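# An overview of the molecular structure
Each chain is listed here by its residues.
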Amino acid sequence: MSEPRIVVAGAGSIGCYVGGLLAAAGRHVTLLCRERIAAGIRDHGLHLTSLDGLDLHVGAGALTLATDPQALATADLVLVTVKSGATREMARLIAAHAPSEAAVVSLQNGIGNAAALRAELPHRPVLAGMIPFNVVHAGEGRFHRGTSGAPVIEAGRPDLTRALSVPHLAVETSADMAAVLWGKLLINLNNALNALSGLTLHEQLQQRPWRKLLAAQQREALSVLAIAGTKPWSMGPLPVRLLPWVLRLPTPLFRMMARSAVRIDRRARSSMWEDLERRRPTEIDELQGAVVDLAARFGRDVPVNRRVREAIKQAEAAGAGSPHLRPVDLR
Ligand SMILES: NC(=O)C1=CN([C@@H]2O[C@H](COP(=O)(O)OP(=O)(O)OC[C@H]3O[C@@H](n4cnc5c(N)ncnc54)[C@H](OP(=O)(O)O)[C@@H]3O)[C@@H](O)[C@H]2O)C=CC1
Ligand SMILES: CC(C)(CO)C(=O)C(=O)O
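Residues numbered from 1 in each chain as written. Chains lettered and ligands numbered in written order. Predicted model: local features only at pLDDT ≥ 70, side-chain atom pairs only at ≥ 80, totals over all residues. Heavy atoms only, no water.

Quick note on the threshold: UniProt positions are given in the numbering used here, feature names are shortened, and annotations may be inferred rather than shown by experiment.
Per an unreviewed UniProt entry, the chain goes by the name 2-dehydropantoate 2-reductase and belongs to Sphingomonas arvum. Among the UniProt annotations of the chain, the heading Function (unreviewed entry) holds the following wording: "Catalyzes the NADPH-dependent reduction of ketopantoate into pantoic acid." According to its UniProt record, the chain has this under Pathway (unreviewed entry): "Cofactor biosynthesis; (R)-pantothenate biosynthesis; (R)-pantoate from 3-methyl-2-oxobutanoate: step 2/2."

Have a look at this one:
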């Protein structure tokens, strides 16, 4: 595939950041997004920044903005960047509008999105993908990446890997995306804690009681994954089984260990915090819910994951943004 036309299906934080980098590198990019996002980009262009000092302005003329799903008709490659709850609806739009040979790549959190896309798009190439870094939308076309890491997509389509590898987006591949996605999910178990705390990721991870809660969720997840025979991939230099141990270290030691594994700037917050603040449904069922469901299949209980899921459900129902809980509130 030479010069594929790329449609970002559901461009919000991740879609605008990734789509913006692709457009800046000269790729043919359409952002299929809501009018509120399109208006910000039309008026201000895209302003992409990162903790590494990226400061890139991409004029609105460098890409196509669309709010009508018919824009999918132009796609050779569709990047799905909606929240998990909207995956099936987006799959149906892709089925209705995109050419039958267009490839589809999920860049979403959670373990089930590529399978959900495949179920709705049985005759199309669908690949799983994983974005390790955090992006926060600051309004008026501004998107900030606040943590480090390289995206991973399923191996087997070098043309797609090439098309997606541009400056500031060094895409890697894996033949075992289930392991990659479970590895990411172990990290994403913090999304809910971050959202419930109302703190930035930096502030929250400096507090040992929050880290102990994350470690407890990860221990539960790792024990059911071991029973299921799934070996999650490590997102950084630390072996995955050591994550809970490192999280439980006293804060100065944790800081030393964490520095070599991931970089987080002072603005970063989890996407679930953003969901609560915007009164949108969260991805709790695809994250803690996936651990609870897997445990249930083996007759196990994962009480910490269950409690955290319940607290997020309550916060969603209250519709008042982050409840600013303390770790002790989740015991
Ligand atoms: N943000 C982050 O830092 C990270 C996010 N991820 C994952 O990436 C995925 C996307 O997250 P994120 O970018 O934060 O989510 P966002 O909510 O910011 O972006 C998704 C966008 O898609 C829009 N959308 C949904 N349906 C349609 C449609 N039919 N047509 C046009 N637009 C549509 C949504 O609008 P509306 O809200 O109005 O429905 C929203 O603006 C999630 O799975 C998330 O977990 C992964 C790594 C980091
Ligand atoms: C912050 C990060 C990168 C990990 O928790 C994330 O995946 C998210 O916010 O959804």
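### Notes on the sheet that holds strand S7 (residues 103-106)
To summarise the sheet geometry, strands pair through backbone hydrogen bonds and adopt either a parallel or an antiparallel arrangement. To be explicit about the condition: A pair of strands is labelled paired if DSSP reports no fewer than 2 bridges between them. A run of H or I in DSSP becomes a helix once it reaches four residues, and a run of E becomes a strand once it reaches two; helices and strands are each numbered from the N terminus. Only the contacting stretch of a helix is used when fitting its axis, a line to C-alpha atoms as for every element, and angles between N-to-C directions run 0 to 180 degrees.
Read across the sheet, eight strands follow the order S5-S2-S1-S6-S7-S8-S11-S12 without closing on themselves; strand pairing throughout is mixed. In this open sheet, the two edge strands, each paired with only one partner strand, are strand S5 (64-66) and strand S12 (172-174). Averaged over all adjacent pairs, the angle separating strand axes in this sheet is 25 degrees, with direction ignored. Where strand S11 (residues 152-154) lies against S12, three bridges are found, and the strand directions are parallel. Bridge pairing links Val152 to Glu172 in S12.

### Examining the pairing of S7
Note the threshold: Any residue under 20% of the maximum accessible area for its type is buried, any over 50% is exposed, and the rest in between are partly exposed; the area is computed with a 1.4 Å probe on protein chains only. Look down the strands so they point away from you; if the path from the first strand over the helix to the second goes clockwise, the crossover is right-handed.
Along S7, one buried face is formed by Ala103 and Val105 and the opposite face, lined by Val104 and Ser106, is buried too. In terms of strand pairing, strand S6 (residues 77-80) meets S7 through four bridges, oriented parallel. Within the sheet, the bridge partner assigned to Val80 lies in S7 and is Ser106. Crossover S6 to S7 through helix H3 (residues 87-97) is right-handed. In terms of strand pairing, S7 meets strand S8 (residues 126-130) through three bridges, oriented parallel.

### Quick word on the site of ligand 2
The criterion, for reference: Working definition: residue near molecule or strand if any one of its non-hydrogen atoms lies within 4 Å of it. Think of a polar contact as two N or O atoms within 3.5 Å of one another; within protein, one of them needs to be a possible hydrogen donor and the other a possible acceptor, and neighboring residues in sequence only count if both atoms come from side chains. What marks off one domain from the next here is an automatic or database domain assignment.
Near ligand 2 you find Asn109, Pro132, Phe133, Asn134, Lys184, Asn188, Asn191, Leu201, Ser270 and Ser271, and these make up its full shell. Contacts to ligand 2 include Asn134, whose side-chain N or O atom sits 3.4 Å from an oxygen atom. One of the side-chain N or O atoms of Asn188 is found 2.8 Å from an oxygen atom in ligand 2. For the shell around ligand 2, the element with the most residues is helix H6 (residues 177-197), which contributes three residues. A domain split of the shell around ligand 2 shows at least three residues from each of domain 1 (5-174) and domain 2 (177-330).

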